[in-house]
Amino acid sequence: MKPSNPLISGLALAAGLLFLSPVLYSIWMSFQTADAYYTGTIDFTLSNFELAIGQYNFARYLLNSIIVSGLVTLIGLAVATCAAFAFARYTFRGSNLLFGAVVATLMIPSHITLIPNYLTLAKAGLLDTYAGLVLPAISNGFAAFFLRQYIRGIPRALDEAAYMDGASPLKVLWRVIIPLSKPAILSMGLYIFISEWNNYIWPLVAIGREDLYTLQIGLARLYRVNPGEDIINWPLVMAASTITILPVIVGFVLVERHLIRGMMMGAVK
Amino acid sequence: MLRRMTPYLFVLPLLAFIAVFTYVPIVQSMNLSVREWDFLSPTKPFVGLDNYRLLLDSREFWNALRVTAVFAIISVPLRLLLALFIATQLLRETWVSRIMRGALFLPAVTSTVAIGVVFSWVFSTDYGMMNALLKSIGLPKIAWLQEPHVALWVLIFVNTWKQLGYDIIIYIAGLQAIGPELYDAAAVDGGRKGHVFRRITVPLVMPTTYFLLMISVIEAFQVFTIVDVMTKGGPAGATDMLVNMLYRVGFNLFDIGVGSALAVLLFILLITLAVIKSRVIGRKVHYEA
């Protein structure tokens, strides 16, 4: 393979920077004072973040987002892994039909569940609670499908050996299947966490109490508080936006390869 | 006995959640779509197809359907073409192409609300990046998000910017699965680049295209967040999408009957599109060995 041309590489990197420039500039702007921004000078400050975290309660929204996305990821993975194990290793009456019902959820547009799920949670008294945010997001057909495909690739002889030693199915799942599925489970965990972190329409519907806002709702409200763009305090809004995207960007840089590989595995299988 | 129950116990939690939050709601939506209800009143009288008739007679519905269709018809092919082209350029495992893949993929995992807010600034009339650029080359300002003919294009642009990286990654996976033999053969036969692209690359990644087409059409018809943040469907309904209308009817006007009828219509539309696609394109997907 010939070494890459430095000119082409330079151009490609410049194109990449240009592509991300709106986001990069928004992060830069969040460290500027409002005066400096509007007069076009440079004046670094952390006051936008202090304001967002303190007066505008973004510390609380951050906590809410972490709790909700964390719970959805943990419970969602547990539920999907158990089902994937059964669909990969057992043939039972109705297994094809039930697996079909799981895969079909990938094709079902989620908007049709919006009003009924709101009514269900209202009836259960779960609107304006963490449970109301978490429960409808638990079932993840894609994760179950993906993990089942992965588990089918693990040699059955390993299960058999464990059963010979008198292990229960739960123990085989815990001691054999899960340790061997770690890369797939990690990819799916990231995928679920990020989707839930960025979820907007459901918290918008299910949450009215300000102290239960997730970051997405808090950011949208902060931006929309003052319509009429002359009044918008852009550096403050960008600080809130930076708080919303930075955890994902940092996580992305750390585990980018896992995530992209996970996406690719899901597409090809 | 217990042994026979084992697999059922393992799948039970997932199926219970799917039943309660996905399948039962479809039936509930259908049931609510033929009733009149406002969330509060104790009765839900049956009104037949009145809610559907009301929708089909309203300009609001046809406007939202047209806007959503335009959004989907423009943005889906645009995304896929751009993504396929860029993917073919980023196939080699060099550090430049890895960084480029990362940069292009980053928006796909970034919060749509934050992207909406950032691009609201980019396209804001007085302080935005776009108008600053126009000004620097001596062109007049454009009210990007206030101009009915422009706002939808801005949304298509932003949506493409966000989703492109995902399509690229999936295409790279598909292209890497093709393998070099056919390209080598084409090179021996002296095939030109454009020709090779049309005759080898495009047909062989058809399964990937089909997969992306399926998910991106469903996604395009359900677009909500970017619109809610950037334009709220305005100006004058020029960017009002079906799900934004659904949210407004259901949760601002509390008209559960009409909102559910709209949800069911959109559901039927998407299922129909899926069937048509599998008929038309499904036949062309069997290139894979």
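Residues numbered from 1 in each chain as written. Chains lettered and ligands numbered in written order. Predicted model: local features only at pLDDT ≥ 70, side-chain atom pairs only at ≥ 80, totals over all residues. Heavy atoms only, no water.

A. Looking closely at the overall build of chain A. Counting its regular elements, chain A contains 14 helices and zero strands. Taken from the N to the C terminus, the helices and strands of chain A come in the order α-α-α-α-α-α-α-α-α-α-α-α-α-α. When its C-alpha atoms are laid out on the principal axes, chain A stretches across 75 × 65 × 30 Å. Relative to its full complement of 269 residues, chain A shows a buried share of 50%. (Helix = DSSP H or I, 4+ residues; strand = E, 2+ residues; numbered from the N terminus. Buried < 20%, exposed > 50% of the residue type's maximum accessible area, 1.4 Å probe, protein only.)

B. Expanded view of the packing of helix 5 (residues 112–122) of chain B against helix 7 (residues 148–178) of chain B. Residue and element names in this part refer to chain B. Across the interface, helix 5 lies against helix 7 with an axial gap of 11 Å and an inter-helix angle of 135 degrees. One finds that helix 5 runs oblique with respect to helix 7. Between helix 5 and helix 7 the crossing geometry is right-handed. Between helix 5, through T112, I115 and F119, and helix 7, the contact on the second element is made entirely by F157, V158, W161 and K162. Considered class by class, the residues forming the contact of helix 5 with helix 7 number five nonpolar, one polar and one charged. (Axes fitted to C-alpha atoms, helices over the stretch in contact; angles between N-to-C directions. Parallel < 35°, antiparallel > 145°, perpendicular 65-115°, else oblique. Left-handed = near helix turned anticlockwise from the far one by under 90°. Contact = heavy atoms within 4.5 Å. Nonpolar A, V, L, I, M, F, W, Y, C, P; charged D, E, K, R; others polar.)

C. Here's a closer look at the UniProt feature "transmembrane region" (unreviewed entry) in chain A. Residues and elements named next belong to chain A. UniProt annotation of "transmembrane region" (unreviewed entry) refers to residues 60–85, 97–118, 130–151, 172–194 and 231–255 when read in the numbering used here. Secondary structure across residues 172–194 divides into 96% helix and 0% strand, with the first and last C-alpha atoms of the span separated by 29 Å. Measuring from the first to the last C-alpha atom of residues 231–255 gives 39 Å, for a span that is 88% helix and 0% strand. (UniProt positions renumbered as here; feature names shortened; annotations may be inferred.)

D. How the structure looks around the UniProt feature "domain: ABC transmembrane type-1" (unreviewed entry) in chain B. Per the UniProt record, "domain: ABC transmembrane type-1" (unreviewed entry) is annotated on residues 61–277 of chain B. Segment residues 61–277 of chain B splits into 78% helix and 0% strand. End C-alpha atoms: 24 Å apart.

E. Highlighting the interface of chain A and chain B. At the interface, 84 residues of chain A touch 82 residues of chain B. Both sides together, the interface formed by chain A and chain B hides about 7600 Å², and carbon and sulfur atoms give 79% of it. Considering only the side of chain A, the residues that lose the most area to chain B are F19(A), H111(A) and I115(A), jointly responsible for 10% of the buried surface there. Here chain A and chain B share zero salt bridges between them. In terms of residues, the side of chain A that touches chain B owes the most to one element, helix 14 (residues 234–268) of chain A, which gives 17 residues. (Buried area = accessible area lost by both parts, 1.4 Å probe. Salt bridge = Lys/Arg side-chain N within 4 Å of Asp/Glu carboxyl O.)

F. Spotlight on the pattern of salt bridges. All names here are of chain B. All chains considered together, the criterion is met by 11 salt bridges over all chains. Across the pair R101 and E93 runs a salt bridge whose closest N-O atoms are separated by 3.2 Å. Given the relative accessible area of 7%, R101 is considered buried. A relative accessible area of 45% places E93 in the partly exposed class. One continuous salt-bridge network, built from bridges that share partners, spans E60, D240 and R248.

G. Highlighting the nonpolar core. Of all hydrophobic cores here, the largest spans 170 residues; its most connected members are F58(A) and W234(A). If you tally residues by element for this core, the top one is helix 7 of chain B, at 15 residues. Beyond its immediate stretch of four places on either side in the chain, F58(A) contacts A52(A), I53(A), L215(A), G218(A), L219(A), L222(A), A240(A) and I243(A). (Core = buried A, V, L, I, M, F, W, Y, C linked by side-chain atoms within 4.5 Å.)

H. Here's a closer look at helix 13 (residues 215–225) of chain A. Among the 11 residues in helix 13 of chain A, eight count as buried, and that is most of the element. Taken as a whole, helix 13 of chain A has its buried residues at L215(A), Q216(A), I217(A), G218(A), L219(A), A220(A), L222(A) and Y223(A).

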